[in-house]
Amino acid sequence: MRRALELARKGWGQTAPNPLVGAVVVRDGEVVGEGHHTRFGAAHAEVEALRAAGDRANGATVYVTLEPCTHTGKTPPCVDAIVAAGVARVVIAARDPNPEAAGGVERLRAAGIEVLTGIEDGAARELNAPFFHSFVEQRPWITLKLAVSLDSALADATGHSRWITGDDSRRVVHEMRAGSDAIGIGIGTALADDPSLTVRDAPSPRVAPTRVVFDRAAHLPTTSVLATTARDVPTLVVADSPPAARISALEALGVRVIHGSSLRAVLDALGDTGVRSLLVEGGARFAGALIGAGMVDRLVIFQGSAIFGAGALGAFAFVPPTEVARAPRWRVLERREIGADTMTVYAPPSSD
């Protein structure tokens, strides 16, 4: 199953809105076929693995990271392909939350195939967290990414923040962008950095992530990189009650403006546009609002080795204060060295 999960990751940035799925066919203790969902609209992982196995799939065991589908979409049902191949046993990591595609376990058992579920379930759910989240929440799955100094600052005392971390870390961030439906920043970051928020140092995703600016009064300059390239890469401004003139000016450039009266409302509105996963890259005030509202699903911190000292902007300067005894404890999911930096992935206390 761990090999199937490894294979699934090969589809990163190419399968959305479908999940990442990998499959391995084993017969008599030998791997005879492997496959993964390579791209939206292409054959599913089980079918690819069965094709690779050929006649050796008869009597074999199929390990798959997500319950085989039962419906006809871009491709025929995977359950039918498994039954037709004469597979004897299917081992599944996670059940499919999609009611249109679910039911594969029951169909397989009805065909006389042995089925085992729940193997590496947690890893499979983590791999496709935005997909699973989309069936229980309207708002997107939110990953907050922060690049900080050794003393946990986002910027030095003069406001400069480039570059806190190294090239290797930035390449990993671009990989994260490639697997996200949207990249979000607050208006402060947009004004300070004038970013492009595109994928550059990673394989191009099938669909470029939508750029999203959380900008209550629609202050995004019409001369900004985001506004002037909005017809090339989808760009949204999420606002409260912006002046009509600002809306017209931005929409004339191809920027879409959506409204909401609260943080939750604007995030739900963003979900309504089809955004399942949102990678938030700044800044401190917006990060504080998201954490304070309990709307960060994963926190990813890239920590460099410089110390900025007095007057620097703390990464959590705008998070509501909490007493030591009551402070929520975030859970470490992953920690690894990336060049001279350290990347740590945290899950919020509510996910324990």
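The text that follows walks through the structure, step by step, so that each part is easy to find. (Residues numbered from 1 in each chain as written. Predicted model: local features only at pLDDT ≥ 70, side-chain atom pairs only at ≥ 80, totals over all residues. Heavy atoms only, no water.)

### Description of the overall build of the protein chain
Across its full length, the protein chain carries twelve helices and 16 strands. For 352 residues, the compact-globule formula gives about 20 Å, and the C-alpha radius of gyration of the protein chain, at 22 Å, lands near that figure. C-alpha extents for the protein chain along the principal axes are approximately 65 × 45 × 35 Å. Buried residues in the protein chain amount to 49% of all 352 residues. Pairs at least 24 residues apart make up 70% of the contacts formed inside the protein chain by residues separated by at least 6 positions. (Helix = DSSP H or I, 4+ residues; strand = E, 2+ residues; numbered from the N terminus. Rg over C-alpha atoms; globule rule 2.2 N^0.38 Å. Buried < 20%, exposed > 50% of the residue type's maximum accessible area, 1.4 Å probe, protein only. Contact = heavy atoms within 4.5 Å.)

### A short note on the sheet that holds strand β6 (residues 141-148)
The nine strands lie next to each other as β11-β10-β9-β8-β12-β6-β13-β16-β15, forming an open sheet whose pairing is mixed. Both edges of this open sheet fall to β11 (256-259) and β15 (331-338), since each of them pairs with a single strand only. Across the sheet, the mean angle separating the axes of adjacent strands is 20 degrees when strand polarity is ignored. Pairing geometry for strand β8 (residues 182-186) and strand β9 (residues 210-214), over five bridges, is parallel. Residue pairing in the sheet places Ile183 in a bridge with Arg211 of β9. Here helix α7 (residues 167-178) sits on the sheet in contact with β6, β8, β12 (277-280), β13 (298-303), β15 and β16 (341-347), set at roughly 160 degrees to β13. (Pairing = 2+ DSSP bridges. Axes fitted to C-alpha atoms, helices over the stretch in contact; angles between N-to-C directions.)

### Things to note about the sheet that holds strand β5 (residues 114-117)
Taken in spatial order, the five strands of this open sheet run β2-β1-β3-β4-β5, and their pairing is mixed. Both outer strands of the open sheet, β2 (30-36) and β5, are each paired with one neighbouring strand and no more. Averaged over all pairs of adjacent strands, the angle between their axes in this sheet comes to 15 degrees, without regard to strand direction. Sheet topology places strand β1 (residues 22-27) next to β2; six bridges connect them, and they run antiparallel. Of the residues in β2, the one forming a bridge with Ala23 is Gly35. Each of β1, β2 and β3 (61-66) is contacted by helix α2 (residues 45-53), which is oriented at about 140 degrees to β2, the strand it contacts most.

### Some details on the pairing of β16
The two faces of a sheet get side chains in turn, since along a regular strand they alternate between them. Of all the seven residues making up β16, seven are buried; the element is thus mostly covered by neighbouring parts of the structure. Going residue by residue along β16, you find Asp341, Met343, Val345 and Ala347 tucked away on one face and Thr342, Thr344 and Tyr346 tucked away on the opposite face as well. Inspection of the sheet shows β13 paired to β16 by five bridges, in the antiparallel sense. In the strand pairing of β16, Leu299 is matched with Tyr346. Between the end of β15 and the start of β16, which pair antiparallel, lie two residues, with Gly339 showing a positive phi angle near 60 degrees.

### Quick word on the pattern of salt bridges
Applying the stated criterion to the full structure yields 20 salt bridges. The salt bridge partner of Glu114 is Arg89, with a shortest N-O separation of 3.4 Å. With Glu114 in strand β5 and Arg89 in strand β4 (residues 89-94), the pair connects residues that are 25 residues apart, well separated along the chain. A relative accessible area of 46% places Glu114 in the partly exposed class. Measuring nitrogen to oxygen at the nearest pair gives 2.6 Å for the salt bridge that ties Arg264 to Glu137. Of this pair, Arg264 sits in helix α11 (residues 263-272) while Glu137 sits in the loop between α6 (129-133) and β6, and the two are 127 residues apart along the sequence. When salt bridges with common partners are traced through the structure, they connect Arg3, Glu6 and Glu34 into a single cluster. (Salt bridge = Lys/Arg side-chain N within 4 Å of Asp/Glu carboxyl O.)

### What to know about the pairing of β15
As paired elements, β15 and β16 share seven bridges and run antiparallel to each other. By the bridge assignment for β16, Ile338 is matched with Asp341.

### Description of the side chain of Ser149
Considering the arrangement of structural elements, one finds Ser149 in the loop between β6 and β7 (153-155). Judged by relative accessible area, Ser149 falls into the buried class, the value being 1%. Of note is the side chain of Ser149, whose polar atom sits 2.5 Å from the side chain of Asp151. Setting aside chain neighbours within four positions, we find Ser149 in contact with Ile164, Gln303, Gly304, Ala306 and Phe308. (Polar contact = N/O pair within 3.5 Å; in protein donor to acceptor, adjacent residues only side chain to side chain.)

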